[in-house]
Amino acid sequence: MNTVATAAALSLPISLCRSSKLNTKKDKGFLMEFNCCNLNGRLLASSENSLAKGVRGGFRVLAVFGEEGGLQDKKSVWDNIFDVEDPRSKMPQCKGKFLDVNQALEVARYDIQYCDWRARQDVLTIMLLHEKVVEVLNPLARDYKSIGTLRKELAGLQEELNRAHEQVHISEARVATALDKLAHMEALVNDRLLQDRSTTESDQTSSFPSTSTQPLDTMKGRLPQKSLNVSGPVQPYSSHLKNFWYPVAFSTDLKDDTMVPIDCFEEPWVIFRGKDGKPGCVQNSCAHRACPLHLGSVNEGRIQCPYHGWEYTIDGKCEKMPSTRLLNVKIKSLPCFEKEGMIWVWPGSDPPPATLPSLQPPPGFVIHAEIVMELPVEHGLLLDNLLDLAHAPFTHTSTFAKGWSVPSLVKFLTPASGLEGYWDPYPIDMEFRPPCMVLSTIGISKPGKLEGKSTRQCATHLHQLHVCMPSSRNKTRLLYRMSLDFAPVLKHIPFMQYLWRHFAEQVLNEDLRLVVGQQERMINGANVWNLPVSYDKLGVRYRLWRDAVERGAKQLPFSKST
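This write-up is about the structure you can find in this document. (Residues numbered from 1 in each chain as written. Predicted model: local features only at pLDDT ≥ 70, side-chain atom pairs only at ≥ 80, totals over all residues. Heavy atoms only, no water.)

We now examine the overall build of the chain. Within the chain, the secondary structure is distributed over 11 helices and 27 strands. Burial status across the chain gives 47% buried among its 562 residues. For the chain, restricting intrachain contacts to residue pairs at least 6 apart in sequence, the fraction spanning at least 24 positions comes to 63%. For the chain, the computed accessible surface area is about 28000 Å², with 53% contributed by carbon and sulfur atoms. (Helix = DSSP H or I, 4+ residues; strand = E, 2+ residues; numbered from the N terminus. Buried < 20%, exposed > 50% of the residue type's maximum accessible area, 1.4 Å probe, protein only. Contact = heavy atoms within 4.5 Å. Areas by Shrake-Rupley, 256 points an atom, 1.4 Å probe, with all protein chains shown as cover.)

Right under this line is the structure:
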């Protein structure tokens, strides 16, 4: 899509400041009125008779006149908040010009900068007017002022305060409009790939909208809102999606004499350790009478069927058949390996690569909890949820996001071709790791507060790994690993793992009630990706990646090799 916009459509109606209605009185301070942005906002300023300090095209009030011209120092500890450069001198000169998308973004960003400066001036005006009220009500001033004079001055200040508060409301509306424009432009840039699903991956990720003369209304009509269709019953899994290494269990859960039954792509399997301690994964069904093998036991590295005692090795070969002649029998098995505390299987038909991915936490982190849960949702819907942080202040109000404010704009910033990035304004880094893993590093701060603008600016961190293994079309096996780079003593507190599990279940239950509802509606035909917006970027990229895999694309989008 070609993206254009005119300065009239994107920029705010900004005119240069000029003073008017200068009004001074002998017995009080004064107000200087500015016609700023055509909104007639009023700013308290200083004149040649007051002490003021210019700030690179802006101004900062350090003192105002008191009674009879007496100078009273009013320098505030909040000076740094209001000491912001007036951005109007840097307004993009593009009125009447057609803009490409990057120029339009600059105009939208300028709108935000101007609104920020304007809001600070509004607050400054109100603060100084309140100071004037305090001065008027000063007991010393009342000794030599009549009641009528005080009443008149207070009425005037009340009128000024009312106008200042009205200006604040106008500024709030302008901020909302500017944020909407910025989000719209970012959606056009960052989610261009949604419009080009029928093209090659290189076209999706390497090209940006070019300069054109189409009006803004045409662009809005082409917003990427209906290009993803995830609706109806979940279709049988593509064989291409099986050709990956999948983590299925934590090593600590697989003892020498234990078994771990799992479902993987709607087939039952069981994992156990052989004589040498290496893990194996075989079909969870005896070749004799289809009895579930996990109901049996492990004897000398072989899994024994509880029905008639047939025993199988980790490669599926039957080595023992009590009470009958030994037959050449073998059940299905999957390639199975152990690495870095996790058991991996390869359910696909293609030959597996020799190397396994690494899911270790970053250096300096200590693993505190490893939890496995079976959840009644399709794994793609669960991944959609995990790859979305914008829902946190609305969904997780009883757990980790309790007390979070709702940001004006939430963005996920990522390279043009990639499945990782970071959230703004949250100090959280996140990555989707094919085929079904989500890794995130979270900057920890006080409850209800977010520390810093990035994870690097936070002193302590939590690292999470979520593995969403597709058990069936309506069930997911979730492996959750939590690591911290602080408080190592917590690892040695008795029963701490049960507390971590309780917290994890609380958070998941907040999500599950929503995702289960999504699944029910999806099965009945609703599109769960009907209107993607800019903060859905990582979830959208996961869906595009998965769609390419299931179609058998030779080159997958967002791969690091491209």
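After that view of the structure, there is still more to cover.
Here the focus is the sheet that holds strand β18 (residues 333-334). Read from one edge to the other, the open sheet built from 4 strands follows the order β11-β12-β13-β18, with strand pairing classed as antiparallel. Bordering the open sheet on either side are β11 (260-264) and β18, each of which pairs with just one other strand. Where strand β13 (residues 279-283) lies against β18, 2 bridges are found, and the strand directions are antiparallel. Within β18, the residue paired with V282 across the bridge is S333. (Pairing = 2+ DSSP bridges.)

Looking at the secondary structure, you find I444 in strand β25 (residues 437-444). Looking at I444, the relative accessible area reads 26%, which means it is partly exposed. Along the chain, I444 and L462 lie 18 residues apart, while their C-alpha atoms are 6.8 Å from each other.

Moving on, we come to unusual backbone geometry. In terms of backbone geometry, most residues other than glycine have negative phi values and most peptide bonds are trans. In the segment running from D424 into P425, the intervening peptide bond is cis, with an omega of 20°. Within the secondary structure layout, P425 lies in the loop between β23 (420-424) and β24 (428-433). You will see that A290, though not glycine, has its phi angle at about 60°, which is positive. For A290, the position within the fold is in the loop between β13 and β14 (297-299).

Time to look at the side chain of E431. Relative to the helices and strands, E431 resides in strand β24. Of note is the side chain of E431, whose polar atom sits 2.8 Å from the side chain of R433. (Polar contact = N/O pair within 3.5 Å; in protein donor to acceptor, adjacent residues only side chain to side chain.)

For the rest of this paragraph, the subject is the pairing of β11. Side-chain alternation along β11 places V260, I262 and C264 on a buried face and P261 and D263 on a face that remains uncovered. The pairing of β11 with strand β12 (residues 267-273) spans 5 bridges and is antiparallel. Residue pairing for β12: D263 is matched across the bridge by P268. Hairpin connection, β11 to β12: the antiparallel pair is bridged by 2 residues, and F265 has positive phi, about 55°.

What follows concerns the side chain of D384. When you line up the elements, D384 lands in helix α8 (residues 379-386). You can call D384 buried: its relative accessible area is 11%. In terms of polar contacts, D384 uses its side chain to reach the side chain of R543, at 2.7 Å.

Time to look at the packing of aromatic side chains. Under the criterion given, the structure shown has 13 aromatic pairs. Relative to W117, the ring of Y114 lies with its centre 5.9 Å away and its plane at 40°, an arrangement referred to as tilted. On the criterion of helical spacing, the pair formed by Y114 and W117 is a turn pair, its members being 3 residues apart in helix α3 (residues 101-136). Geometrically, the ring pair formed by F244 and W545 is tilted, given 5.7 Å between the ring centres and 55° between the ring planes. In this pair, F244 sits in the loop between α7 (216-221) and β10 (246-250) while W545 sits in helix α11 (residues 537-551), placing the two residues 301 residues apart along the sequence. For W545, a relative accessible area of 3% puts it in the buried group. Each member of the aromatic cluster is reached from another via a ring pair, and the members are F244, F432, Y542 and W545. (Phe/Tyr/Trp six-rings, centres within 6.5 Å; stacked < 30°, edge-to-face > 60°.)

Here R513 lies in helix α10 (residues 496-523). Residues R513 and T395, spaced 118 residues apart in sequence, show a C-alpha to C-alpha distance of 10.0 Å.

Here we come to the pairing of β10. Burial runs high along β10: 5 of the 5 residues are buried. Pairing analysis gives 4 bridges linking β10 to strand β20 (residues 342-345), with the strands arranged antiparallel. Within the sheet, the bridge partner assigned to P247 lies in β20 and is W344.

Now for α11. A rise of 1.5 Å per residue sets the reference length of α11, with its 15 residues, at 21 Å; its end C-alpha atoms lie 21 Å apart and thus fit the reference within 8%. A positive backbone phi angle near 80° is found at G552, which sits one or two residues after α11. (Expected span 1.5 Å × (residues − 1).)

Of all 8 residues making up α8, 8 are buried, and the element is well covered by its neighbours. All buried positions along α8 are accounted for by H379, G380, L381, L382, L383, D384, N385 and L386.

For the rest of this paragraph, the subject is the pattern of salt bridges. Overall, the coordinates contain 19 salt bridges when judged by the stated rule. Between K411 and D424 there is a salt bridge, and its shortest N-O distance comes to 3.8 Å. Of this pair, K411 sits in strand β22 (residues 411-413) while D424 sits in strand β23; the two residues are 13 residues apart in sequence, bridging distant segments of the chain. Salt bridges linked by common partners bring E300, R302, E311 and E319 together as one network. (Salt bridge = Lys/Arg side-chain N within 4 Å of Asp/Glu carboxyl O.)

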